[in-house]
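# Structural characterization, general
Each chain is listed here by its residues.
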Amino acid sequence: MRFELATVPGTAERPNEDWASLALPASGQGGSLVVLDGVTPPRGGDGCVHGVPWFTSHLGGALLELSGSRRDMPLAEALALSIRRTADAHRDSCDLSHVRTPQATVVAVRWNGESVEHLVLSDSTLLLEAPDGVVHAVLDDRLDRIPREVLRSLSATDALRNRDGGFFTAAADPAVAARAVTGTTPRADVRAVAALTDGASRWTDLFAEGSWADLMELLRKEGPNGLVGRVRALEAADARRGGETRWKTHDDATAVYAELQAPSDPPLPGS
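Residues numbered from 1 in each chain as written. Predicted model: local features only at pLDDT ≥ 70, side-chain atom pairs only at ≥ 80, totals over all residues. Heavy atoms only, no water.

### Regarding the overall build of the protein
- Secondary structure summary: the protein contains six helices and ten strands in total.
- What you see for the protein is a C-alpha radius of gyration of 18 Å, in line with the 18 Å of a compact globule of 271 residues.
- With respect to the principal axes defined by its C-alpha atoms, the protein has extents near 55 × 45 × 35 Å.
- When the 271 residues of the protein are sorted by exposure, 49% land in the buried category.
- Excluding contacts between residues fewer than 6 apart, the proportion of contacts in the protein whose partners are at least 24 apart in sequence is 71%. (Helix = DSSP H or I, 4+ residues; strand = E, 2+ residues; numbered from the N terminus. Rg over C-alpha atoms; globule rule 2.2 N^0.38 Å. Buried < 20%, exposed > 50% of the residue type's maximum accessible area, 1.4 Å probe, protein only. Contact = heavy atoms within 4.5 Å.)

Pasting the structure below:
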């Protein structure tokens, strides 16, 4: 098995609000990974005294623990419980009813010898690569359906945040977990997975440097650090040309790449 992870802040002036980790059970026959992209609040506050990095570390840690220790629990249920645990950790000190209370996008993947289970919430990306090289992108495209001119308005965006007809992120309401894109794929049909925050997926979905299959090939050859380095170069060149209209020239960028052991293979020594 091969696992690689890279996460780079968008700017040195702000802490990295992404969170990523993976876990392997002692049997060596399965595992899980979690990637979160913390939502940077606009000026004006979010009702929380802790901040987004605190939130993503608590939510990510809870979700990784539950996805590994409660392998009988569906990922959506694990996310709901993780949101509840995180909310309980700061509801006495923070205003969790604030529309911008700390929140994050979520990608979670869990696999064993029989299946690969996935969950995607909001605009991070999951790629599943089949043994024949075909790549399937699992996307929650609700944010993409909202017109750009609407998203340029903070009040209009807030009115659509975690609302029907808008988009959903993991915040303080456990019920949002039921809105995630979920599914299960036979283990034999997946040889590699990649989880990307939107700061890393820009290589394909913003700069159109290649398809999702091309991005997977780039990860295989150059790893997550290579992908993030290429994104940063594209962002810098774009900024010199005047750039596209977007909130941040550079965003926190996180990529996790995992090549899964063939289900028929024996456990690796020491795995």
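Further notes follow.
### Brief notes about the sheet that holds strand β3 (residues 31–38)
- Read across the open sheet, the five strands follow the order β2-β3-β4-β5-β8; overall the sheet is antiparallel. Both edges of this open sheet fall to β2 (18–23) and β8 (181–186), since each of them pairs with a single strand only. The sheet shows a mean angle of 5° between the axes of neighbouring strands, direction not considered.
- Bridge analysis of strand β5 (residues 115–121) against β8 gives six bridges, and the strand direction is antiparallel. In the sheet register, Val120 faces β8, and the bridge partner there is Val181. (Pairing = 2+ DSSP bridges. Axes fitted to C-alpha atoms, helices over the stretch in contact; angles between N-to-C directions.)

### Here's the deal with the sheet that holds strand β9 (residues 192–196)
- Here we have five strands laid out as an open sheet, ordered β1-β10-β9-β6-β7, and antiparallel in their pairing. The open sheet terminates on both sides in strands that have one partner only, identified here as β1 (2–8) and β7 (135–138). Within this sheet the neighbouring strands show an average axis-to-axis angle of 10°, counted without direction.
- Bridging between strand β6 (residues 125–129) and β7 involves four bridges; their strand directions are antiparallel. Across the sheet, residue Leu128 finds its bridge partner in β7, namely His136.
- Contacting β1, β6, β7, β9 and β10 (253–259), helix α6 (residues 212–240) crosses the sheet at an angle of about 35° to β1.

### Considerations on the packing of helix α1 (residues 52–69) against helix α2 (residues 75–90)
- For the pair α1 and α2, the least separation of the axes is 9 Å and the interaxial angle reads 140°. Comparing their axes, α2 and α1 come out oblique. Viewed along their axes, α1 and α2 form a crossing whose handedness is right-handed. Contacts from Trp54, Phe55, His58, Leu59, Ala62, Leu63, Glu65, Leu66 and Ser67 of α1 reach α2 at Leu75, Ala78, Leu79, Leu81, Ser82, Ile83, Arg85, Thr86, Ala89 and His90.
- Class assignment for the residues of the contact of α1 with α2 results in twelve nonpolar, five polar and two charged. (Parallel < 35°, antiparallel > 145°, perpendicular 65-115°, else oblique. Left-handed = near helix turned anticlockwise from the far one by under 90°. Nonpolar A, V, L, I, M, F, W, Y, C, P; charged D, E, K, R; others polar.)

### Section: the confidence of the model for the protein
- Across the protein, the average pLDDT comes to 91, with 93% of residues at 70 or higher.
- For the stretch residues 267–271, pLDDT sits under 50, and the model shows seven contacts to residues farther than four places along the chain or on other chains. (pLDDT = per-residue confidence, 0-100.)

### Some points on the nonpolar core
- Counting 25 residues, the largest nonpolar core has Leu79, Val106 and Leu121 as its most contacted members.
- Ranked by residues supplied to this core, first place goes to α1 with six residues.
- Setting aside chain neighbours within four positions, we find Val106 in contact with Val35, Leu36, Leu63, Leu79, Leu119, Val120, Leu121 and Ala170. (Core = buried A, V, L, I, M, F, W, Y, C linked by side-chain atoms within 4.5 Å.)

### Looking at helix α5 (residues 198–205)
- Most of α5 sits out of view: six of its eight residues are buried.
- Along α5, the positions that sit buried rather than exposed are Gly199, Ala200, Ser201, Arg202, Trp203 and Thr204.
- Next to the buried residues of α5 lie β6, β9, α6 and β10.

### What about unusual backbone geometry?
- A positive phi is found at Ser122, a non-glycine position, where the angle reads about 75°.
- Inspection of the secondary structure puts Ser122 in the loop between β5 and β6.
- Given the relative accessible area of 5%, Ser122 is considered buried.
- Backbone geometry at Asn162 places phi at a positive 55°, although glycine is not the residue there.
- Within the fold, Asn162 resides in the loop between α4 (154–160) and β8.
- Judged by its relative accessible area of 22%, Asn162 falls in the partly exposed class.

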